[in-house]
Every structure is written in C-alpha cells, then in structure tokens.
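Okay, here's what each chain looks like letter by letter:
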Amino acid sequence: MLTKIAGGDIIDPVNGRLDKGDLWIKDDKIVPAPAGGAADRTIEASGCIVMAGAIDIHSHIGGGNVNTARLLLPEQHAAHQLRPAMTPLSNAGWSTFQTGCLYAKMGFTTVVEPAMSPGAALHTHLELADIPIIDKATLAILGNDDFLLSMIRDDAPQTMIEDYVAWTVASTRALGVKVINAGAAAAFKENVRTFSLDDVVPSYGVSSRKIVKTLQAAVDNLGLPHPLHVHCNNLGSPGSADTAAATIAAADGLPLHLAHLQFYGYGTEGKRGFSSAAARLAELVNATPEVTIDIGQVMFGQTVTVSSDVMRQFSARGSAHPKKTVIHDGDGNGGGIVPYSYGKDFYGTMQWAIGLELFLLIDDPWRVFFTTDHPNGAPFTAYPALFELLMSREARTEMAAGLSRSALALSTLAAIDREYTFEEIAIMTRAAPAKLLGLTDRGHLGAGATADVAVYRRDRSIAKMLGEAAYVFKDGDLVVQDGEIIHYRWGKALRLKPPVDKAMVRRLEDYHQQRYGLSLDWFNFPDSAIAREQPFGEVPCRT
Amino acid sequence: MAVAWIGNREALIEHAAAHAASLLSSSRCPVFSFDTDIDGTRAAIALAERAGAAYDHADGAALARETALFTDKGAMTVAPGETRRRADVVVIVGELPRIHHGLVGELAGTVPDLSTGNQRAFFVVGPNGMSMPPLNGGRKATQLSCGQASLAATLAALRAQYKGRRTSQPVSNFNDFAKALAAAHFPVFLFSGHAAEGLALEMLQGLIADLNRKSRASGLYLPASENGWGSALASAWMTGFPLRTGFARGLPEFDPWRCDVERMIAAGEADLHLRISAATAQLQKKRARMALIVLTKTEKPVAGAAVTMAIGEAGVDHDAVVYSSRTGSLRSIDAQADSQLPSAATIIRLIATHAFAEALPC
Ligand SMILES: [Zn+2]
C-alpha cells in the first residue's frame, strides 16, 4: 500500500527537511517519492505540519507500582467519559487500553516506562502488551539490589558486574538501565531516613556515588545505547539542587541522563527556604555536554506520585491527598504511592515555574526532554497545555496571572522571552529521544524510517493542535483521524538483547537457590507468556 | 472424550459456544465469577465489557476485604524474598490460608541472612486455639491473644499497649513481644483477608505505621486466593478497577457492594451466571430463572447448567501466567502434563466470536 501525505509543512530536523511537500509511505516504511508513482491513498495535509511520531522517554505507564496506584485510587479514575465505546475498554479511565489511545491521539507512537522492577518484569510486560497502538519500552531498575551491592562491596571485577547488568537487561527485556536514589532503598531497610550522594549503605559500606559510577560505566562498556538513567538522591527537598549539581559533575565525561530535573531544582532562599535553583542547574547542564535531562514538569491539579524511591515516598506520606498511601519494601527498590494535589499556592507555583525555567534556559533541545514524569508532575494528558506554555510567552503570562506572586518573584520565568519553535519541538520530542534511546528507525522522516507519522492541523490554539492530531500513522497504519482512534492495533515492546554470560547465570542460579530458596525459573519467562503475536522488537546494542 | 454439553446432552464445542453466546446476548443482567489465570481473567473481562456484565472472583468475599484495604486505606508491605532474608521477627496475624503454610514453614527453617543477628523469632496474634501453620524443627510461636477477643480487638489492644496505653484486657505475652520488637531490625507481619475482617487489616496497618515512626517494620500480604489477587491486578490494569466491577452502563464501574456477584445471584438480580473455574466447587443455589454457563474441568455436564464446557487447569493442562505469593508477582508456569483441554481464555474467546462481530482485544 502506497500512501502520499500531500502538501504538508514537513518538519524533519534529522534530515534537514523543513519545507512544504509530500511524504510517501509504503507499507510500514517511509520511502522516497516514487517516480511517477500513483498513491493508493492520499492524505490531504495542506495547512498541516507533518512530523515523525513523538517519543516519550519517561512516563510511568505500567508495572507493579503503577497498578498499585490504580488499586489505591479508584476514585481518581472513576470513568468520566460517558460516551459510546468506540474501541475496546476505551472508557476505562487510567487503564492500559486508554493509555495507548490517549497517547496516539496526541501523535505519540513510542513511550518508555522508566521504572521496571526486574522481579516484576513479566507483570510489567503483560501490562504494556495491553497498551494498544503504540510501541513501548522499559528501563530495568538496578542499584538497590543485594546482588549488585554485594559485588561492589566485595570489589568484584567490573566485567562481572557488567555480566550481571547484561543478564538483567536481557532477561527482563529492557531497553536500558535506571538507578533510583542509588542505595537509599537498601539503606531505608536498615532504618536510614535520609540519603545523599556520598552517604553509604550501612551493611555494604558502599556509597550512592559508587553505585551510580559503577552502573554508568557498566552501561557504557556494554554498549547499551541509552546512558544510565539516574533518579538522584534527595528528590523534592529544598536544597536538592546541590545534589543534582554534584551528580551532574559526577558524569565526568561519560554519558548520563538525569530524570525529572525539576524535582531537584530547589534552592533554600526566601523566607520559606524554598526557591528556584533552575537557572543554576540550567547553566550546569548547558556546560556539561555529556549530560541529558528530562524535566518532570508540574501542572496543577490532582495526581498521584508513583515512585520506586521508597525512602522519599515514605517521608512524603504526610502530604498525601487523599490520605492514603502504599509503601512497599521490594527485593531491590520497592516503591511508594502517594496521591498528591498540586495547588496554585507558593509551592505549586514554584515547582511549575522551575520546570518551565529549565525547559527555557537549557539551550540545546537535543539534551532536554519533554516529560511530566507522568503521573508524578502531572498526567500525560497535560502535554498539549504544556506545549502551549513552551511555545507561547503569552500563554505563560496568562497562566502566571493566577498564581502565587511571591513564588514567581523568586524565579526568573517572567524575564524569559524564549518560545519553542516547531523545529525545536520536533527535536525535543522526536529526534533527540530516538537518538538518546538508540532507535535509529524512528524520530525522523527519512527514507527507510518506520512510518510513525503525526500530522497536525494548524490552529490558533497550540494545545488543540497538538492535543488532537489530524492524522497519525503507526507502522504505516492510519490509526488516528481528526483526533479519534480509527484503527486498533498492537505495538511492540522494544528491547535490547545483550549476550548473556553462562557463568553469571550459574552464579545467579546458586544465589537464588541459597538466598530465596527458589530456582531462577521462578523469575524467568518465555516470550510466549505475553499473549500477543511478536510482543517484542529488538534494538541492537552499540558495537 | 466429551468436552461440551448443552443441558445434559453432549454437544459439539462450537454448538455449545454458540448456545452460550446466544444466552449471553439475550441476557439483561449477566454476571461472571471466575477463579482463573491471567489470560483467563483478561478474556473474561474483555467479554464482560461486550456483554455488559459484572464480574467478581468465584469466592469473592475474602478478596473483597483485601481489596478494600488497598482502595480505602493503603498499606505498608514487603516482598516475600525480603521477608525471608531480613525478617528477624515474624508475626502471624490470624489464621492464614493453607496455601501459605509452606512459606511459614520455610521461614521457620531458615534464618535472615541480611539481618545482623541471623535469628528469627515467631509470634502469632489471634484467639486461643486458633489453628496454626506448623513451624519447622519443633519451633514454637509465642501467642499474643486477649482470650477469645476478635483479631481486630486483639490488634487494637496490642497497638494500645505498644503506645503505653492502658487496655481493659492485656495481651498475653506482651512483654516478650515488646522485648523482641525493641531488639528487632525488621519485624514482618504476615496477613491475609482469609480470616481477618477489614477492621483487623486496618488495625494491623496502624500498628505497622506506629512501629515505623522510629524503626522499621512491614507486612507481608498473603492473599486468600493467589488467582484472586492475580485477577485483581489484571482487572486494575485493564479497567482501572479491581474485581467487583460491572459494565452495566458500558463503562467500568467499581462497586464492591452492587457488583458482589454472589449477592446479585442471591437477590435475583442476575439472569445469567457465567462461572469460570477449573476447580469443581459447590455451586451457589441456582435461581430458577437464571441461566447458568459453567466452564470447568469436568467429564460430565454440571447439573442445572444450560451449557457446560470443559477447560484445563492453568499450569497443569496448559502453560499459564499466575500470581505467586512466593515471589509477590506474576510468574510463568509450564504445563505439568500438557493435555488437549483448552484454557479458560480459549473458550471465552470462542464464545465471544459467536456473540460479537469483533474479536476481543485480549
Ligand atoms: Zn519517573
């Protein structure tokens, strides 16, 4: 099947294409304009912009903690869309089924679940397999698990640690590795209540910094395309900008990704001891080319924080709204679920402004990524409104008018004129995420690319334009038209398959037998356990 | 071997499925109850959406108590692996289901390797004479009870005494317990909705929260039914809600009272009951005007059922994914003796193809 998307404004920074013209799709790939070719189907795209499908690198869309949040909060997602079901279970609020549909409607075609507990890999992949339309991927969590901490304590050779990381990535079908408050969850089990970069986990005598550096090197040596994804210590506390700054400095020339930097953009100035350190952090990021970050923007309203940073979530229990939480000590990280409502008061305004400052003060759109850390800063359904804030100074001014003045006085936001261009949006949400994740087949519109394409009809409202795509193609299938799902399909979970060392498997078998009284079989699963055709797509490691 | 029946008469599997589908299509208030693996749950919920049915676990009461702890109050919990490796005090809270007795025995037969003392003490909370899982090596658990007081009342007294408050009836052996807690690094309370009422589960979480003010402690959740909890998890990701959810208005609505399937049948609200469970169980008294469709592991028709269809048992007749309380997550298991019997999911999907034009989404 040959499709022509005719006469749109094409925005494809990777291939340097920024012109009005046609885009051709043959089956599931983008192809050059065929000589004298007649399209089987023509999509009229004049007055539209045409971009690659968007990629979200950090959104908690499935797995143990997300599902526990659903259990904890039936009132949060009481279905509110009383309209006939167009697609299966599409009226199920906050379900896997709705997640895929809502993302697709905005032109997103690939989403990364960034916090997969290795022990819950099967559960996570089963959830992801029930997210329709889009492709998914996961990052496996390491850095609070006894096996790794023991190896570091015992000065195990780095190659052995790499074998363990490779086994974890391969057996959990992950696309990368994340470390979440390295060492803190282990220390919390020993009743430690705060934990910073140079603190040590008592029973192991291993510092958080050492864990991060060990994993960063392992990821790099193994050729995993995505750099180590770091959730720093001290999330949410005043003064956490110091921790973020120290972690940025610790990158030390090797690639490192810092997640949801907004939650660390906090200084201690002002009479409340809570101020914006965004300008300082942005400057550090600008000056440190090996570092990439995503924002974790806060938007106002009720949400729920879902995190494997169990120490942090435990300490945030008092702020739960409504008043109920789940705190789980897991085999490695565990996690915590704390519902929260971001108000337009001093603190909420401060967080909102800090996120925007980071977006606008970090110069290079290749190194700053568009996230709300869904659902932690805001649900991903807030994306259209957030695009508008980034692309329109006027929208920011309008919004700021209803917010806390004393908070805004401690931020530089009002002085920032920058407005993101569509080209920058295309870099930040398409080209850069594909590059960061090692997905060469997407994020651009060059010949041979996977035909993930989003077409947006120009509108005075940026939120409306980017919130309801005119057309979306996934693997060449037309899945969205005029903001509605018109075709149901199943995407894949993208994964790496690094070679697994047999001696490491034997070691792990012994370890599980001895320590848990269980064979490794209890944790492994075949692809066929995911009841979908071809549930996984393989992404090559760097060679 | 016969695998499908319409009434008492053997039927072709396609005919039985078509008959079940026509009953489902003409039902005004269908209800589903199941005790099945993850794939069976997914198919059943997808069919419930199409049919406008309410669904519940086959033995829903205990699961509903456990679910309510999470939906209403929240909890502090710990993984079973961490319990084995870290718990220096293990407190058995109330009667635990038999399926977990093996784990308790294992905890008694091992010491926590991640705890400095490498020792484990056992306590049990509950009335005198409560049945206890056997501990290995002749070990004994110290009993914490207030005579015949309920579990909730005993836990309330325990909590009060721990806070230094007076109680009308003191808890037996409290001083031993207090001493053990003072020395403990990571006490773990084993709990289940099997015999504990909601108030007891809530009271236990209150005690755990109190302990965590100064030191660490947590609860190991041991579900009354592993399949039940697995279904609750799959239901949560598919619909946003746990079991006792219904699609009467097209969209999923969670209502633990209204969608209590046993209640709906007893009250005569349901006009069709689809029961899915490989295990043959005592069926609730069938209402006269209610159609019954049974999917079970059987070689003969179920008495009173309009349609009976044979299914295999997950992990015995076919590979499956199930919840395992030994790992605290979902687990893939291979068939022990691959048989020709279809899975519950296969039969549910077959019924769906006869009832609805479009295939189920899972
Ligand atoms: Zn996150």
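Now for a look at the structure at hand. Owing to the predicted nature of the structure, the values given are computational and were not obtained by experimental measurement.

The rules behind each value
Residues numbered from 1 in each chain as written. Chains lettered and ligands numbered in written order. Predicted model: local features only at pLDDT ≥ 70, side-chain atom pairs only at ≥ 80, totals over all residues. Heavy atoms only, no water. Helix = DSSP H or I, 4+ residues; strand = E, 2+ residues; numbered from the N terminus. Rg over C-alpha atoms; globule rule 2.2 N^0.38 Å. Buried < 20%, exposed > 50% of the residue type's maximum accessible area, 1.4 Å probe, protein only. Contact = heavy atoms within 4.5 Å. Areas by Shrake-Rupley, 256 points an atom, 1.4 Å probe, with all protein chains shown as cover. Lys, Arg positive; Asp, Glu negative; His and termini not counted. Charge placed at Lys NZ, Arg CZ, Asp CG, Glu CD. Axes fitted to C-alpha atoms, helices over the stretch in contact; angles between N-to-C directions. Parallel < 35°, antiparallel > 145°, perpendicular 65-115°, else oblique. Left-handed = near helix turned anticlockwise from the far one by under 90°. Nonpolar A, V, L, I, M, F, W, Y, C, P; charged D, E, K, R; others polar. Phe/Tyr/Trp six-rings, centres within 6.5 Å; stacked < 30°, edge-to-face > 60°. Buried area = accessible area lost by both parts, 1.4 Å probe. Salt bridge = Lys/Arg side-chain N within 4 Å of Asp/Glu carboxyl O. Polar contact = N/O pair within 3.5 Å; in protein donor to acceptor, adjacent residues only side chain to side chain. Pairing = 2+ DSSP bridges. Donors = N, O, S within 2.8 Å, 3.2 Å for Na, K, Ca; no water. Core = buried A, V, L, I, M, F, W, Y, C linked by side-chain atoms within 4.5 Å. Domains from an automatic or database assignment. Arc of directions from axis to C-beta.

To continue, consider the overall build of chain B. Assigned secondary structure in chain B consists of 11 helices and 17 strands. Relative to the globule expectation of 21 Å for 362 residues, the C-alpha radius of gyration of chain B, 23 Å, shows essentially globular dimensions. Along the first, second and third principal axes, the C-alpha set of chain B runs to 65 × 40 × 35 Å. When each of the 362 residues of chain B is scored for burial, the buried share is 60%. Sequence separation of 24 or more characterises 63% of the internal contacts of chain B that already satisfy a separation of 6 or more. When the accessible surface of chain B is summed, it comes to about 14000 Å², and 50% of that surface belongs to carbon and sulfur atoms. Distance between charge centres in chain B, computed from 35 positive and 33 negative side chains, equals 8 Å.

Okay, the packing of helix H3 (residues 60–73) of chain B against helix H8 (residues 198–211) of chain B next. All names here are of chain B. Two elements in contact, H3 and H8, have axes separated by 9 Å at closest approach and are oriented at 50°. Comparing their axes, H8 and H3 come out oblique. Classified by chirality, the crossing of H8 by H3 is right-handed. Each of Arg65, Glu66, Leu69 and Lys73 in H3 lies in contact with H8, whose residues at this interface are Gly198, Leu201, Glu202 and Gln205. Taken together, the residues that form the contact of H3 with H8 break down as 2 nonpolar, 2 polar and 4 charged.

Residues and elements named next belong to chain A. Tallied over the entire structure, the rule returns 28 aromatic pairs over all chains. Aromatic pair Tyr164 and Trp167: ring centres 6.3 Å apart, planes at 15°, arrangement stacked. A residue pair is termed a helical-turn pair when its members lie 3 or 4 positions apart in one helix, as Tyr164 and Trp167 do in helix H5 (residues 158–172) at 3 residues. We note that Tyr164, like Trp167, is buried.

Further remarks concern the interface of chain B and chain A. The interface is formed by 55 residues belonging to chain B together with 62 residues belonging to chain A. For the chain B and chain A pair, buried surface summed over both sides reaches about 4700 Å², with 57% attributable to carbon and sulfur atoms. For Arg42(B), the salt bridge is made with Asp130(A), and the minimal N-O distance between the two is 2.6 Å. At the boundary of chain B with chain A, the tally comes to 25 residue pairs in polar contact (both at pLDDT 80 or more).

The strand order across the open sheet formed by 9 strands is E2-E1-E15-E14-E13-E3-E4-E11-E12 (chain B), and the pairing between neighbours is mixed. Looking at the sheet topology across the chains shown, the edges are occupied by strand E2 (9–10) and strand E12 (253–254) of chain B.

Attention shifts here to the coordination of the zinc ion. Residues and elements named next belong to chain A. At 2.1 Å from the zinc ion lie its protein donor atoms, namely His58 (NE2), His60 (NE2) and Asp373 (OD). Along the chain, the residues donating to the zinc ion are arranged with the sequence spacing H-x1-H-x312-D. Of the two residues, His60 sits in the loop between strand E6 (54–56) and helix H1 (64–72) while Asp373 sits in the loop between strand E20 (368–369) and helix H12 (383–391), which places them 313 residues apart along the sequence. Here His60 matches Asp373 in class, with each residue buried.

All names here are of chain A. Secondary-structure assignment places Asn181 in the loop between strand E9 (176–180) and helix H6 (184–189). The spacing of Asn181 and Ala251 is 70 residues in sequence and 16 Å in space, taken between C-alpha atoms. Non-local contacts of Asn181, meaning those with residues more than four positions away in its chain, are made with Asn144, Phe195, His231, Cys232, Asn233, Asn234 and Asp309. Of the polar contacts made by the side chain of Asn181, one reaches the side chain of Asp309; its length is 3.0 Å.

Let us now look at the nonpolar core. If you look at the biggest cluster of nonpolar residues, it comprises 249 residues, and the most contacted ones within it are Ile211(A), Trp352(A), Phe359(A), Phe32(B), Leu295(B) and Met309(B). Shared between two domains, this core holds at least three residues of each, these being domain 1 (4–59 + 226–355) and domain 2 (67–221) of chain B. Not counting chain neighbours up to four residues away, the residues in contact with Met309(B) comprise Val3(B), Ala4(B), Ile13(B), Ala16(B), Ala17(B), Val294(B), Leu295(B), Thr296(B), Ile347(B), Leu350(B) and Ile351(B).

So, about the side chain of Glu424(A). With respect to the helices, strands and loops of the structure, Glu424(A) is situated in helix H15 (residues 422–437). Ignoring sequence-local partners within four residues, the contact set of Glu424(A) consists of Pro365(A), Arg418(A) and Glu419(A).

Before going further, it helps to examine the pattern of salt bridges. All names here are of chain A. Considering all chains together, one arrives at 48 salt bridges over all chains under this definition. Across the salt bridge formed by Asp452 and Lys474, the nearest N and O atoms sit 2.9 Å from each other. Placement of the pair is Asp452 in the loop between H15 and strand E21 (453–457) and Lys474 in strand E22 (residues 471–474), with a sequence separation of 22 residues. Asp452 sits in the buried class, given a relative accessible area of 3%. A relative accessible area of 0% places Lys474 in the buried class. Bridged by salt links that share partners, the residues Asp135, Asp441, Arg442, Asp452, Lys474, Asp475, Asp477 and Arg489 form one connected network.

Further remarks concern helix H7 (residues 174–183) of chain B. Residues and elements named next belong to chain B. Along H7, the residues that are buried comprise Phe174, Phe177, Ala180 and Leu181. Seen end-on, H7 carries its buried residues on one side only, within an arc spanning 125°. Relative to its buried face, H7 has exposed residues pointing more than 90 degrees away, namely Asn175, Lys179, Ala182 and Ala183. Close packing links the buried residues of H7 with strand E6 (89–93), strand E7 (121–125), strand E8 (142–144), helix H6 (151–162), strand E9 (187–191) and H8.

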